[in-house]
Amino acid sequence: RLELEFDNLGAAIDWLLSVGRVEDALRTISALERFWRGHAHVTEARHWLAHGLTLADATSSEVRAGALRTASLLAAAQSDWSGALSLLTDARELYRTLGDGREEVFALSYLSFYATRLNDIEGAELFAQDAVAVAATLDDDRASSAALSALGDVYSARGQHELAVRRFEEVATIRARLGDPLLLTDAVYALGKEAFHAGDEERARHELVRALEQARAVGEEQYIAAAQLVLSLVDTHAGDAASAAERAREALELYTHLEDDRSRARCVVVVAAASAEHGEAERGARLIGIADVLRGDEQPDEFEAPLLDRCLPELRATLGEDLLVALTAQGRTLADRVLESVVVSAEIEA
C-alpha cells in the first residue's frame, strides 16, 4: 500500500520541508525506514534526510536522533560505511544524553558492524562490548540480540567463524521468540554466511535458503540480494557455476535497484568466475574490469578474493597475459556507462 502511495508520500515530505514543518517531515521519513530499504527507495530517502537534517536545529533531540539513525541505516544499505558511521555516532550521543538505553544498544551494535566494514576491528570490538554492557542493564530481548549480533560480526571479522556461528545461533533463537520476521531473517542470513565461512556448506545452504524464503515473504530486497549472493558462492564451491551465475544475476539486479555499487562488484565477480569456468574467457576478463570500476578504491573482499584467485590463473593460461590485461582494461573503459544496469546486464547476458 505504501508503494502505491509513493508519489504522494514524496509530495507530502517535500511540502513539509518547504513550509518549515521539519520535525513532521523527519518523523515521517524515520517511521518509514524499513519501507525505504525494503522497496529500494534509499536514494530518495537519503536526499530528504540530508535536506531535513540541515534544517533540524530547532527539532527535539529525540527526532534528530531518529533521523540520524535512519540516515545511517540508509547509507549502510548503499555500502557507504564511513557516512553511516559518522551519522550514527551523532545519533548514539543523543540517545546517551536522552538516557534511552535501548536505542543506544542498537546504535552501538550498528557502529560495531560499520567499523568491521571499515577494517577497524579493535574499534568494532569496543562498540560491541559497550553494547553488551548497556544491554545487560535492560530487560529487553531485542536489545540483547542486537548486542550479541555485534559480537558475532566481530568474531567473523577476526576469522573466528565457529564462534560467530554460535553467537548467531543465540541471536536466531532470541529473535524467533520476538515474532519479527525481518529481524529473524537478518539472524538466519548471518548464521548461513558464517556457516559458509566456517566450511559447513550444507548448513550454509539450508540457512541461506531459509533466509531467502523469509526475505521474499516480506518483500525485503536487501536480504533477497544478500542471500542470493552468498548462495551463489555456495554454488560455486559445489561446482554449479550455472546456478551461481543465475543467483548472482538476480542479486545484481536488486543491488542495482538499491544503487549499491560495492555489492554489485561482488555479483559481477561471481559471473566472471562462472564465465571462466564455462570457457568464456574473454567475457570473464571484461567482467573483471567492470567489477574493478564498481569496486572503486576498495580491495577485493572475502567474497571476491577467493574467486579471483581461482579464475585469474585460468584466464591468464587461456588468454595470455597481454590479452587478459587488454580485455580487463576494455571492461574498465565502460566506466562512464557501467553504473547503468543495462550495460552490465548486456555484458553478463552476452
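Calculation rules
Residues numbered from 1 in each chain as written. Predicted model: local features only at pLDDT ≥ 70, side-chain atom pairs only at ≥ 80, totals over all residues. Heavy atoms only, no water. Core = buried A, V, L, I, M, F, W, Y, C linked by side-chain atoms within 4.5 Å. Buried < 20%, exposed > 50% of the residue type's maximum accessible area, 1.4 Å probe, protein only. Helix = DSSP H or I, 4+ residues; strand = E, 2+ residues; numbered from the N terminus. Contact = heavy atoms within 4.5 Å. Salt bridge = Lys/Arg side-chain N within 4 Å of Asp/Glu carboxyl O. Polar contact = N/O pair within 3.5 Å; in protein donor to acceptor, adjacent residues only side chain to side chain. Phe/Tyr/Trp six-rings, centres within 6.5 Å; stacked < 30°, edge-to-face > 60°. Expected span 1.5 Å × (residues − 1).

Undergrad: Please explain the nonpolar core as it appears in this structure.
TA: The nonpolar side chains of soluble globular proteins are, as a tendency, buried together. Of all hydrophobic cores here, the largest spans 76 residues; its most connected members are W36, W48, Y255 and L315. The element best represented in this core is helix α13 (residues 221-237), accounting for ten residues. Not counting residues within four places of it along the chain, the set of residues in contact with L315 comprises A276, A281, G284, A285, I288, G320 and L324. Core analysis: the second largest hydrophobic core is formed by 30 residues, L68, A107, A115 and L151 among them.

Undergrad: Looking at this model, I keep getting lost on the pattern of salt bridges. Mind explaining?
TA: Oppositely charged side chains may form a pair once their charged atoms are brought near each other. Taken as a whole and assessed by the stated rule, the structure comprises 33 salt bridges. A salt bridge links R247 to D235; its shortest N-O distance comes to 2.9 Å. Of this pair, R247 sits in helix α14 (residues 241-258) while D235 is found in helix α13, placing the two residues twelve residues apart along the sequence. When its relative accessible area of 18% is taken as the criterion, R247 is described as buried. Between E304 and R295 there is a salt bridge; the shortest N-O distance is 3.1 Å. As far as the burial class goes, E304 and R295 line up, both buried. The network of salt bridges with shared partners includes R262, R266, D292, R295, E298, D301, E304 and R332.

Undergrad: Would you take a moment to explain the side chain of S109 for this structure?
TA: Structurally, S109 is set in helix α7 (residues 101-117). On the basis of relative accessible area, S109 is assigned to the buried category, the value being 7%. Within the structure, S109 has its side chain in polar contact with the backbone oxygen of A146 (distance 3.2 Å). When sequence neighbours within four positions are dropped, the list of residues in contact with S109 reads A131, A146, A147 and A150.

Undergrad: Can you walk me through the packing of aromatic side chains in this structure?
TA: Here the structure, examined in full by the defined rule, presents nine aromatic pairs. Plain terms: the ring middles of F6 and W36 are 6.5 Å apart, the flat faces sit at 80° to each other, and that makes the pair edge-to-face. Of this pair, F6 sits in helix α1 (residues 6-18) while W36 sits in helix α3 (residues 33-38), and the two are 30 residues apart along the sequence. For the pair formed by F6 and W36, the shared burial category is buried. Taken together, F6, F35, W36 and W48 form an aromatic cluster joined through their ring pairs.

Undergrad: Explain helix α9 (residues 141-157) here, please?
TA: One full turn of an α-helix is made of 3.6 residues, so residues set three or four places apart face in the same direction. In this model, α9 (17 residues) spans 24 Å end to end at C-alpha, consistent with the 24 Å of a helix rising 1.5 Å per residue. Where burial is concerned, most of α9 is hidden: twelve out of the 17 residues are buried. Within the span of α9, buried status applies to A143, S145, A146, A147, L148, S149, A150, L151, G152, D153, V154 and S156. Residues of α9 that are buried sit in contact with α7, α8 (121-135), α10 (161-178) and α11 (181-197). For α9, the N-terminal cap is D140; the gap from its side-chain oxygen to the backbone nitrogen of R142 is 3.0 Å. One or two positions beyond α9, positive phi appears at G159, with a value near 80°.

Undergrad: So what exactly am I meant to see when it comes to the environment of T173 here?
TA: Inspection of the secondary structure puts T173 in helix α10. You can call T173 partly exposed: its relative accessible area is 48%. It is 9.7 Å that separates the C-alpha atoms of T173 and V188, two residues lying 15 residues apart in sequence.

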